[in-house]
Amino acid sequence: MPLNPFNIPAAHHLIGGKWTAGRDTLEVRNPSDDTLLTTIARGTNDDINAAVSAAEDARQGEWARMTAVERGRVLSRIGQLVQEHIETLALIEAMDVGKPLTQARADAVALARYMEFYGGAADKVMGHTIPYLDGYTAYTLREPHGVTGHIIPWNYPMQIIGRSVGAALAMGNACVLKPAEDACLTALAFGAMALEAGLPDGALNIITGLGSQAGAALAEHPDIHHISFTGSVATGQIIQAAAAKNVIPVTLELGGKSPQLVFDDADLDRALPFLINAGIQNAGQTCSASSRILVQRSAYAEVVERMSLAYENLRVGPATADASLGPLISAKQKNVVENYLAQATDLTCAAIGKIDPNTPQGGHYVAPALFADVPSDHPLAQQEIFGPVQVIIPFETEEEAVEIANGTDFGLVAAIWTADGARQMRLAKHLRAGQVFINNYGAGGGVELPFGGVGKSGHGREKGFDALYGFSTLKTVAAWHG
Ligand code: ADP
């Protein structure tokens, strides 16, 4: 059966290196046609307690005794196994979350790359020696937090496991992962590959289930030492409040309303595919989706026309048909997006893509929609929609562009399209965002590039080498020797 090549028993958690049956179950449905795929376990407080306790044992047991280079080798082996199963993982993800196969494949490739990157980095994180008082030697030690909780969303399970669990394991933490209820299958497959690669029991525990139940139990657990969360602002606020109660550090990545600024000297042939793909990739269900396109008035008509033409050629279809866009993850998410579209009656719809007439019944399909001349304070230009909707906003001057770009609650990603080098440097400083791209967007996934936001986009950084600092703590040692 293609969905279970790792022989994981249905409706089981991974606790202490063993597949453990859940008491209750949840259905897993295919967003492309709403057919039942399998069931997952619905985790309880007891399951979370067991997972945290197994992680605690691991961090004091075999996992703790492994050297950094040995930890890195285990991660690299997981990465090799992921690499060997790219096609299978892509198919599982396509069927579980509705992602077109090409995009699902890219996620699996990124997961392998994260494990390779963090496998190689595990033994390269060092403390410092500090020039200090006469008769003393002072230095710092980088140490794992201990047990880390990872609550992740349904939009990019494999990539987010890679950047979050990968970095945490590299630093020697023992992890409890709670994947989203709508996207657990590749997370469980990752658990199976981690076991096969020789990750010690309890270093990675996976509890599936509802956010309000298993997620809340994990976030509130008094014996976790760090929590990393990617998801909505509302849930991020709950997680941060729970972390505050236990006084533990928290990394939050909460999405955005990321702009691309297009100046009239931009290379439009290069920019066009980025302007569109950054908005419609994964049907717009991307934290770093570029949902706002800001265009200088002198290039405005041309950009609107060219984007509109491209939109009319976009096709929506089932994930396995590998169309430009798949379905949305769920009926709930489709409803969210349709509610936004219902607020757009005062806007000019410049273009709309097409849903393939042969799409199966029951799928959660939404045609991508492009709106032009959108006032920058309109709800569609301010709020994260998490669907295939982009707005185009005109501007006259560089100052106005920056003001509009910075004029939302979010600050995750921004892109600048211009040939003017001085403007590139200026705007990179003035834009309120965790990542700024110059004449590109997303830079090929960016495993190596620190990622995270400002404002309501969250705080803390994942990806790249810097993430290793977030998943560790610093101890200072000062020795008097006379
Ligand atoms: P969405 O509403 O789009 O599913 P969320 O931010 O609610 O986005 O979900 C992201 C992750 O957070 C998922 O794994 C979900 O199960 C989890 N989650 C949701 N609510 C809570 C909560 N109250 N406490 C902890 N985790 C939660």
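Parameters at a glance
- Residues numbered from 1 in each chain as written.
- Predicted model: local features only at pLDDT ≥ 70, side-chain atom pairs only at ≥ 80, totals over all residues.
- Heavy atoms only, no water.
- Axes fitted to C-alpha atoms, helices over the stretch in contact; angles between N-to-C directions.
- Helix = DSSP H or I, 4+ residues; strand = E, 2+ residues; numbered from the N terminus.
- Parallel < 35°, antiparallel > 145°, perpendicular 65-115°, else oblique.
- Left-handed = near helix turned anticlockwise from the far one by under 90°.
- Contact = heavy atoms within 4.5 Å.
- Nonpolar A, V, L, I, M, F, W, Y, C, P; charged D, E, K, R; others polar.
- Polar contact = N/O pair within 3.5 Å; in protein donor to acceptor, adjacent residues only side chain to side chain.
- Pairing = 2+ DSSP bridges.
- Near = heavy atom within 4 Å.
- 1 Å grid on protein atoms, 1.4 Å probe; cavity = no way out; pocket = protein on both sides within 12 Å on 5 of 7 lines; lining within 4 Å.
- Sits in = over half its atoms within 2 Å of the grid points.
- Expected span 1.5 Å × (residues − 1).
- Buried < 20%, exposed > 50% of the residue type's maximum accessible area, 1.4 Å probe, protein only.
- Right-handed = clockwise from strand over helix to strand, strands pointing away.
- Points joined across faces, edges and corners; volume = space filled by probe spheres on them.
- Core = buried A, V, L, I, M, F, W, Y, C linked by side-chain atoms within 4.5 Å.
- Patch = residues over 30% accessible without salt bridge, like charges linked within 9 Å, V, L, I, M, F, W, Y side chains within 5 Å.
- Areas by Shrake-Rupley, 256 points an atom, 1.4 Å probe, with all protein chains shown as cover.
- Salt bridge = Lys/Arg side-chain N within 4 Å of Asp/Glu carboxyl O.

### Observations concerning the packing of helix 3 (residues 68–84) against helix 7 (residues 185–196)
Where helix 3 meets helix 7, the closest approach of the two axes is 9 Å, and the angle between their N-to-C directions is 125°. Comparing the axis directions of helix 3 and helix 7 gives the class oblique. The chirality of how helix 3 crosses helix 7 is right-handed. On helix 7, the residues that touch Ile78, Leu81 and Val82 of helix 3 are Phe190, Met193, Ala194 and Glu196. Class assignment of the residues belonging to the contact of helix 3 with helix 7 gives a composition of six nonpolar, no polar and one charged.

### Section: the side chain of Asn205
Position of Asn205 relative to the elements: it lies in strand 9 (residues 204–206). A distance of 2.8 Å separates the side chain of Asn205 from the backbone nitrogen of Gly16, its partner in a polar contact. The contact partners of Asn205, leaving out residues within four places of it in the chain, are Leu14, Ile15, Gly16, Ala51, Ala54, Ala55, Cys175, Val176 and Leu177.

### Brief notes about the sheet that holds strand 15 (residues 348–352)
If you walk across this open sheet you meet the seven strands as 15-17-18-13-12-19-20, and the pairing is mixed. Since the sheet does not close on itself, it has two edges, and those belong to strand 15 and strand 20 (435–438), each with one partner. Mean inter-strand twist for the sheet, computed between neighbouring axes without regard to direction, equals 20°. Relative to strand 13 (residues 290–296), strand 12 (residues 258–262) is paired through five bridges, and the arrangement is parallel. Residue pairing for strand 13: Gln260 is matched across the bridge by Ile293. Contacting strand 12, strand 13, strand 18 (389–395) and strand 19 (413–417), helix 10 (residues 268–280) runs over the sheet at an angle of about 165° to strand 12.

### Some words on the site of the ligand
Looking at the ligand, there are 18 residues lining it, with Ile152, Lys178, Glu181, Ser232 and Thr235 nearest. Within the backbone of Ala216, a nitrogen or oxygen atom sits 3.5 Å from a nitrogen atom of the ligand. Under a 2 Å grid-point criterion requiring more than half of the atoms, the pocket assigned to the ligand is the largest pocket. In terms of residue class, the shell around the ligand is built from nine nonpolar, six polar and three charged.

### Re helix 1 (residues 45–60)
For helix 1, with 16 residues, the first-to-last C-alpha span of 23 Å sits near the 22 Å given by 1.5 Å per residue. Among all positions in helix 1, only Asp47, Ile48, Ala51, Val52, Ala54, Ala55, Glu56 and Ala58 are buried.

### A closer look at the pairing of strand 13
Counting buried residues along strand 13, seven of its seven residues qualify, which places the element largely inside the surrounding structure. Crossover handedness for the path strand 12 to helix 10 to strand 13: right-handed. Here strand 13 pairs with strand 18 via five bridges, running parallel. Counted as the bridge partner of Leu294 is Ile393 from strand 18.

### Overview of empty space enclosed by the protein
Within the structure shown, the criterion is met by four cavities of 30 Å³ or more. Its volume calculated, the largest cavity comes out at about 90 Å³. Lining of the largest cavity is provided by 15 residues; of these, Gly284, Ala289, Ser291, Ile385 and Phe386 occupy positions nearest its centre. Elements that contribute at least two residues to the lining of the largest cavity include exactly strand 13 and strand 18. Taken together, the residues of the lining of the largest cavity break down into five nonpolar, eight polar and two charged. Considered as a void within the structure, the second largest cavity measures approximately 60 Å³ in volume. Forming the walls of the second largest cavity are 14 residues, and the residues nearest its centre are Pro259, Arg292, Ala405, Phe410 and Arg432. For the lining of the second largest cavity, the secondary-structure elements that each account for two or more residues are strand 12 and strand 19.

### Let's talk about the nonpolar core
Ile78, Tyr118, Leu204 and Ile227 are the most contacted members of the largest nonpolar core, which totals 88 residues. In terms of residue count, helix 5 (residues 101–121) provides more of this core than any other element does, nine residues in total. Excluding residues within four positions of it along the chain, Ile227 makes contact with Gly149, Ile151, Ala219, Ile239, Ala243, Ile248, Pro249, Val250 and Thr251.

### Remarks on the sheet that holds strand 5 (residues 129–130)
Strand order in this open sheet of three strands is 5-6-22, and the pairing throughout is antiparallel. Each edge of the open sheet is held by one strand with a lone partner, namely strand 5 and strand 22 (472–480). Where strand 6 (residues 136–144) and strand 22 come together, nine bridges link them in antiparallel fashion. By the bridge assignment, Leu141 is partnered in strand 22 with Lys475.

### A short note on a nonpolar patch on the surface
Among the surface-exposed residues, Ile130, Tyr132, Leu133, Tyr136 and Trp480 lie close enough to one another that they form a single nonpolar patch of about 560 Å² accessible area. Relative to the elements of secondary structure, Tyr136 occurs in strand 6.

### Points about unusual backbone geometry
Backbone geometry follows two general trends: most residues other than glycine have a negative phi, and most peptide bonds adopt the trans configuration. In this structure, Ala11 is a non-glycine residue whose phi angle is positive, near 60°. Position of Ala11 among the secondary structure elements: in the segment before strand 1 (12–15). The class for Ala11 is buried, based on a relative accessible area of 11%.

Take it as geometry only, folks, not as evidence of what the structure does.
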